[in-house]
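Residue strings, one per chain:
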Amino acid sequence: MNLMPAIALDPIHQFEVTKWLDLRLGNIDISFTNASGFMLLGVVLVIGFFSMATRKGELVPSRLQSVAEMGYGFIADMVRSAAGEEGLKFFPFVFTLFFFILFANLIGMVPYAFTTTSHIIVTGALAMTVILMVIVVGLIKNGLGFFKLFAPSGAPLPIYIILTPIEIISFLARPLTLGLRLFANMLAGHIMLKLFAGFTVMLIGAGAIYIPVAALAFAMGVALNALEFLVAGLQAYVFAILTCVYLNDALHADAH
């Protein structure tokens, strides 16, 4: 029985994690999966891109070098504007985070590739890394003064009974919202693309009378594809800029 048509029309199949190399460490499954493979591919592509772009370091930059320099300047300006000059010490972290997410999103746009950022375990792990860094940096920089984040100065004393729990809940929700936003956008966008592609194929197969509708579905698919490329970059930017905002809170908790 040929399962390819069913797989081609299944919008969820593209998110299935499959083992490429079955490995075990005692009772622990440490298999190398398609998710692992495409995350590794993203890292290799980022390193490869910037290695090629900066290999010669010409005074008059090539196009590739210009793109790399623009990316560097873009992230530097983002960190500086959101976290201040002091935040630039975290530039390598934000730079790595942005380009890892961007390349992972763009890889997912290639047909039959795996979108690692469409899995909550991946985006959740990235979000938890960010928040743990914020907490550690905040405690090292401010000591117990870090907890001023949960009790902003200037409010009447009775208001803190309501305000402090709200601030604590808001802080604890940060990793959840940070991870969910990226995951949900990539998941929903890819499902819509697959649905319109499958809808187009079904309409064409149904007969010539449905060709005009198929053309409309195809046009919608093309438009959604262009939108997904925009979302791929935008979501990487949103994740990075929020990371800078959270780091700014940690660095300047005494200003609250």
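Reading guide: rules and limits
Residues numbered from 1 in each chain as written. Predicted model: local features only at pLDDT ≥ 70, side-chain atom pairs only at ≥ 80, totals over all residues. Heavy atoms only, no water. UniProt positions renumbered as here; feature names shortened; annotations may be inferred. Axes fitted to C-alpha atoms, helices over the stretch in contact; angles between N-to-C directions. Helix = DSSP H or I, 4+ residues; strand = E, 2+ residues; numbered from the N terminus. Left-handed = near helix turned anticlockwise from the far one by under 90°. Contact = heavy atoms within 4.5 Å. Nonpolar A, V, L, I, M, F, W, Y, C, P; charged D, E, K, R; others polar. Buried < 20%, exposed > 50% of the residue type's maximum accessible area, 1.4 Å probe, protein only. pLDDT = per-residue confidence, 0-100. Expected span 1.5 Å × (residues − 1). Polar contact = N/O pair within 3.5 Å; in protein donor to acceptor, adjacent residues only side chain to side chain. Phe/Tyr/Trp six-rings, centres within 6.5 Å; stacked < 30°, edge-to-face > 60°. Patch = residues over 30% accessible without salt bridge, like charges linked within 9 Å, V, L, I, M, F, W, Y side chains within 5 Å. Areas by Shrake-Rupley, 256 points an atom, 1.4 Å probe, with all protein chains shown as cover. Salt bridge = Lys/Arg side-chain N within 4 Å of Asp/Glu carboxyl O.

Per an unreviewed UniProt entry, the protein chain goes by the name ATP synthase subunit a and belongs to Hyphomonas hirschiana VP5. For the protein chain, the Sequence similarities (unreviewed entry) comment in UniProt is given as "Belongs to the ATPase A chain family."

Moving on, we get to the packing of helix H2 (residues 34-53) against helix H4 (residues 91-107). Each pair of packed helices can be described by the angle between their axes along with the distance between the axes. At a minimum axis distance of 9 Å, the contact between H2 and H4 shows a crossing angle of 115°. Every pair of crossing elements has a handedness; the one defined by H2 and H4 is right-handed. Facing H2, whose interface residues are Phe38, Met39, Leu41, Gly42, Val43, Leu45, Val46, Phe49 and Phe50, H4 presents Phe95, Phe99, Phe100, Phe103 and Ile107. Of the residues belonging to the contact of H2 with H4, the class tally is 13 nonpolar, one polar and no charged.

In this section: the environment of Ala151. Of note, Ala151 is situated in the loop between helix H5 (120-142) and helix H6 (160-206). Judged by relative accessible area, Ala151 falls into the partly exposed class, the value being 31%. Distance from Ala151 to Arg55, taken between C-alpha atoms, is 50 Å for residues 96 residues apart in sequence. With residues up to four places along the chain from it excluded, the contact list for Ala151 reads Tyr160 and Thr164.

A few words now on the confidence of the model for the protein chain. Of all residues in the protein chain, 94% attain a pLDDT of 70 or more, and the chain-wide mean is 86. Confidence, read as mean pLDDT per element, is least for helix H1 (residues 4-9) in the protein chain (49) and greatest for H4 (95). This model gives residues 1-7 a pLDDT under 50, and the stretch forms two contacts once residues within four places in sequence are excluded.

Attention now moves to the UniProt feature "transmembrane region" (unreviewed entry) in the protein chain. Per the UniProt entry, the sites bearing "transmembrane region" (unreviewed entry) are residues 32-53, 90-113, 120-140, 160-183, 195-223 and 229-247 in this numbering. As annotated, residues 90-113 has a helix share of 71% and a strand share of 0%, and its two end C-alpha atoms lie 31 Å apart. Structurally, residues 229-247 comprises 100% helix and 0% strand, and the distance from its first C-alpha atom to its last is 28 Å.

With 20 residues, H2 extends 28 Å between its outermost C-alpha atoms, agreeing within 8% with the 28 Å of an ideal straight helix rising 1.5 Å per residue. For H2, the set of buried residues is Asn34, Ala35, Gly37, Phe38, Gly42, Val46, Phe50 and Ala53. Among the structural elements, strand E1 (19-21), strand E4 (32-33), helix H3 (63-83) and H4 are those in contact with the buried residues of H2. Of the residues flanking the start of H2, the one acting as N-cap is Thr33, its side-chain oxygen 3.3 Å from the backbone nitrogen of Ala35.

Enumeration according to the criterion identifies 19 aromatic pairs in this entry. Their ring planes at 65° and their centres at 4.8 Å tell us that Tyr72 and Phe91 sit as a pair that is edge-to-face. You can see Tyr72 sitting in helix H3 and its partner Phe91 sitting in helix H4, a full 19 residues away along the chain. Look at Phe91 and you get buried, because its relative accessible area is 11%. A network of ring pairs unites the aromatic residues Phe49, Phe50, Tyr72, Phe74, Phe91, Phe95, Phe98, Phe99, Phe103 and Tyr237 as a single cluster.

Within the secondary structure, Leu178 is located in helix H6. Along the chain, Leu178 and Gly108 lie 70 residues apart, while their C-alpha atoms are 19 Å from each other. If we skip the residues at most four places from it in the chain, Leu178 touches Ala127, Val130, Phe239, Leu242 and Tyr246.

A contiguous nonpolar surface patch, about 600 Å² in accessible area, is contributed by Trp20, Leu21, Leu23, Leu25, Ile28 and Ile30. Here Leu25 is to be found in strand E2 (residues 24-25). Residue Leu25 is classed as exposed on the basis of its relative accessible area, which comes to 58%.

Applying the stated criterion across every chain, the model contains seven salt bridges. Notably, a salt bridge pairs Arg80 with Asp77, separated by 3.1 Å at the nearest N-O pair. In this pair, Arg80 and Asp77 are both assigned in helix H3, three residues apart and thus about one turn of the helix distant. Where Glu85 meets Arg80, a salt bridge forms, and the shortest distance between an N and an O atom there is 3.1 Å. According to the relative accessible area criterion, Glu85 is exposed, its value standing at 54%. In this structure Arg80 comes out as partly exposed when scored by relative accessible area, which is 33%. Put simply, Lys19, Asp22, Arg24 and Asp29 are held in one network by salt bridges that share partners.

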